[in-house]
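# Overview (structure and organization)
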Amino acid sequence: MQAPQYARSPARPPCKRRYNVRCLAALLIFLGTYLVVAMGGVPGLRVDRTGAAIIGAGLMFAFDVLTIEEAYAAVNYDTIILLFGMMIVVANLRLSGFFIVVGSWVVEHAHRPIWLLLSICFVSGVFSAFFVNDTMCLVLTPLVLEVTKRLGRNPVPYLLAVAMSSNVGSAATITGNPQNMLIGSFSGIPYREFTAAMAPVALAGLVAVAAVIALVYRREFREESRLALPHRAVHINRVLMWKSLAASAGMVAFFFAGWPVPKVALVAGALLLITRRVKPEKVYREIDWSLLVLFIGLFIVVAGVEKTSFEEDLFAVASRFHLERPAAMTAFAALLSNLVSNVPAVLVFKPFMPHLGDPRQAWLTLAMASTLAGNLTLLGSVANLIVVERARQHVRIGFREHAVVGVPLTLLTLALGVWLLG
């Protein structure tokens with residue numbers, strides 16, 4: 001029996017007239033979705049950022065702004081596949097105990113407060129560049145809390161180093177954070193070329209993180225007392241660890257060799273699921289499914305608003321502020337990233353980036369600014385919130401305490417980024 005054939009919905013024509021009902025509906029849905037994303041939820045309702053994206057996508061269908069086929073076409077599957085594959089690889093590394101082993105070894109061999117700070121910055125920043133910054137914050141926060149408690153040190157500067165170094169270090173590669181994954185897919189910039197341009201920015205930024213924290217908390221680091229931390233046994237799964245490391249090393253090698261990044265990440269993740277030792281449920285629990293759904297919903301919402309005159313209006317604003325200039329692009333991207341978060345900000349920029357004089361330079365500047373701007377405020381990135389929430393039972397890090405380091409650090413690193421990319 002032949003499978004039934006369903007009629008395809010005709011594509012909706014662009015609603016470019018400003019007062020067209022569908023046009024107004026698309027704009028209002030877009031603005032409402034981004035408002036909820038910026039607020040983190042709806043007062044009085046149990047609607048989070050992911051829920052807002054799903055509702056926004058559904059309303060685009062309800063008001064006939066998009067057809068189902070147009071929604072399918074709007075989703076950037078390269079980004080979804082890359083993020084999903086990386087989540088599986090990172091989940092295996094985390095379950096094996098690899099990150100804890102490396103973190104413990106490094107902090108145990110840091111015999112001065114300043115060296116402990118530098119070690120934390122280095123580990124958090126370097127591993128965030130390849131294995132997504134949020135993961136490093138989840139792993140390192142309890143380790144840093146335990147170490148500082150055993151040493152009798154103030155945990156706050158070291159915890160700030162975890163969050164801020166993870167943000168800065170993640171700028172180095174396409175796989176460092178979700179917004180870079182988006183930019184890598186949209187721009188077509190090869191992994192090796194992206195890293196060559198952004199790694200110096202990340203390296204200079206990590207030095208700046210250590211310098212600013214050491215300056216703000218100079219009483220903590222003025223002491224030259226020797227830190228003695230006895231070795232602590234760490235439970236690891238050696239077979240899983242070596243298997244995960246081999247898959248990760250091969251994956252990164254293929255990235256730099258120029259192979260398609262989403263394909264390589266998914267193959268690496270798939271190979272790691274072939275196992276007799278780890279229950280698949282453990283790996284699946286490590287995957288941030290809500291983030292994947294958030295991406296899909298935002299892709300559809302942005303596709304809906306692209307049917308309006310919003311793209312032309314935004315480009316007119318961009319022309320007025322000369323966003324083709326790196327400094328202007330940096331300021332605008334940093335502001336928007338702190339208003340609506342970095343992933344939604346990148347999606348707002350997507351429609352008009354090809355119209356700028358040097359799209360490659362503009363994409364790199366956007367990657368730099370949207371990432372480094374995450375350190376400006378406590379709410380600037382998910383990494384900051386992960387550290388604060390995981391440490392809440394032991395120490396309180398408030399908005400002001402974060403800003404004392406975050407504001408000058410962000411201004412300094414953004415200036416360094418504009419200079420190094422210019």
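Note that the coordinates shown come from a computational prediction; the quantities given were computed from them, not determined experimentally.

The next subject is the overall build of the protein chain. Secondary structure assignment for the protein chain yields 21 helices and 0 strands. Taking 2.2 N^0.38 as the reference for a compact globule, 422 residues should give roughly 22 Å; the C-alpha atoms of the protein chain span a radius of gyration of 22 Å, in line with that estimate. Principal-axis analysis of the C-alpha atoms gives the protein chain an extent of 70 × 60 × 50 Å. The buried share of the protein chain, taken over its 422 residues, is 54%. A separation threshold of at least 6 residues defines the contact pool for the protein chain, and within that pool the share at least 24 residues apart is 81%. Of the accessible surface of the protein chain, which amounts to about 19600 Å², a share of 65% is contributed by carbon and sulfur atoms. Each charge sign in the protein chain was given a centre, from 36 positive and 23 negative side chains, and these centres are 6 Å apart.

What follows covers the pattern of salt bridges. Across all of its chains, the model carries 6 salt bridges by this definition. When the shortest N-O distance is used, the salt bridge between E70 and K307 registers 2.8 Å. Of this pair, E70 sits in helix 3 (residues 68-74) while K307 sits in the loop between helix 15 (289-305) and helix 16 (310-321); the two residues are 237 residues apart in sequence, bridging distant segments of the chain. Judged on exposure class, the residue E70 and its partner K307 are both buried. A salt bridge links E193 to R360; its shortest N-O distance comes to 2.5 Å. Separated by 167 residues along the polypeptide, E193 in helix 10 (residues 191-216) and R360 in helix 19 (residues 359-372) bring together distant segments of the chain. With relative accessibility at 33%, the residue E193 sits in the partly exposed group. Residue class for R360 comes out partly exposed when judged on its relative accessible area of 35%.

Our next topic: the nonpolar core. Core analysis: the biggest nonpolar cluster contains 135 residues, and F99, L117, I213, M251 and F349 have the highest contact counts within it. Sorting elements by how many residues they give to this core places helix 10 first, with 12 residues. Look past the residues within four positions of I213 in its chain and what remains in contact with it is L117, P157, L160, A161, F221 and V405.

Bringing unusual backbone geometry into the picture now. Phi is positive for D64, which is not a glycine, with a value near 55 degrees. Within the element layout of this structure, D64 appears in the loop between helix 2 (49-62) and helix 3. Even without being a glycine, V132 presents a positive backbone phi close to 70 degrees. Note that V132 resides in the loop between helix 6 (113-131) and helix 7 (133-151). On the accessibility criterion, V132 (12% relative accessible area) is buried.

Two elements in contact, helix 7 and helix 8 (residues 155-169), have axes whose closest approach is 9 Å; the angle formed by their N-to-C orientations is 165 degrees. The pairing of helix 7 with helix 8 is recorded here as roughly antiparallel in orientation. For the pair helix 7 and helix 8, the sense of crossing is right-handed. For the pair formed by helix 7 and helix 8, the contact residues are N133, C137, L140, T141, V144, L145 and T148 on the first element and P155, Y158, L159, V162, A163, S166 and N167 on the second. For the contact of helix 7 with helix 8, the class distribution of residues is 9 nonpolar, 5 polar and no charged.

Before going further, it helps to spend a moment on helix 19. Spanning 14 residues, helix 19 covers 20 Å between terminal C-alpha atoms, matching the ideal 20 Å at 1.5 Å per step. With 12 of 14 residues buried, helix 19 lies mostly within the body of the structure. Those residues of helix 19 that sit buried are Q361, A362, W363, L364, T365, L366, A367, M368, A369, S370, T371 and L372. Turning to helix 19, the residues buried within the fold contact helix 8, helix 9 (178-187), helix 10, helix 17 (326-340), helix 18 (342-349) and helix 21 (399-421).

One rule of thumb: low pLDDT means the predicted coordinates there are not for detailed reading. Residues of the protein chain with pLDDT of at least 70 account for 90%, and the chain-wide mean is 87. Per-residue pLDDT, averaged within each element of the protein chain, yields its smallest value for helix 16 (68) and its largest for helix 10 (96).

Cut-offs and rules
Sequence order as written defines the numbering, with residues in each chain counted from 1. Per-residue local features are limited, in this predicted model, to residues with pLDDT of at least 70; the limit for side-chain atom pairs, both in listing and counting, is 80 or more; totals at the level of whole chains, interfaces and linings are taken over all residues. Side-chain numbers here rest on the full set of heavy atoms in the structure, without hydrogens or water. Strands are runs of DSSP state E lasting at least two residues, helices are runs of H or I lasting at least four, and both sets are numbered from the N terminus onward. The globule rule used for comparison is 2.2 Å times the number of residues to the exponent 0.38, while the radius of gyration itself is calculated over C-alpha atoms. Summary of the burial criterion: residues with accessible area below 20% of their type's maximum are buried, those above 50% are exposed, and those between are partly exposed, where the area comes from a 1.4 Å probe applied to protein chains only. We call two residues contacting when some pair of their heavy atoms lies within 4.5 Å. Using the Shrake-Rupley algorithm and a 1.4 Å probe, accessible areas are obtained, with residue cover drawn only from the displayed protein chains. Charge counting treats Lys and Arg as positive and Asp and Glu as negative, with His and both chain ends excluded. Charge placement uses NZ in Lys and CZ in Arg. For Asp and Glu, CG and CD serve respectively. Should a side-chain nitrogen of Lys or Arg be within 4 Å of a carboxyl oxygen of Asp or Glu, the pair is scored as a salt bridge. The criterion is simple. A nonpolar core is a set of buried Ala, Val, Leu, Ile, Met, Phe, Trp, Tyr and Cys residues joined through side-chain atoms within 4.5 Å. Where helices are involved, their axes are fitted lines through C-alpha atoms of the stretch in contact, as for all axes, and angles between N-to-C directions lie from 0 to 180°. When describing relative orientation, an angle under 35 degrees is termed roughly parallel and one over 145 degrees roughly antiparallel, while 65 to 115 degrees is termed roughly perpendicular and anything else oblique. By the definition used in this description, the sense in which the near helix is turned from the far one sets the handedness, with an anticlockwise turn below a right angle giving left-handed and a clockwise turn giving right-handed. Lys, Arg, Asp and Glu make up the charged group, whereas Ala, Val, Leu, Ile, Met, Phe, Trp, Tyr, Cys and Pro make up the nonpolar group; the residues left over, Gly among them, are polar. In this scheme, a helix's expected span is set at 1.5 Å multiplied by one less than its residue total. What pLDDT reports is the predictor's confidence in each residue, on a scale of 0 through 100.

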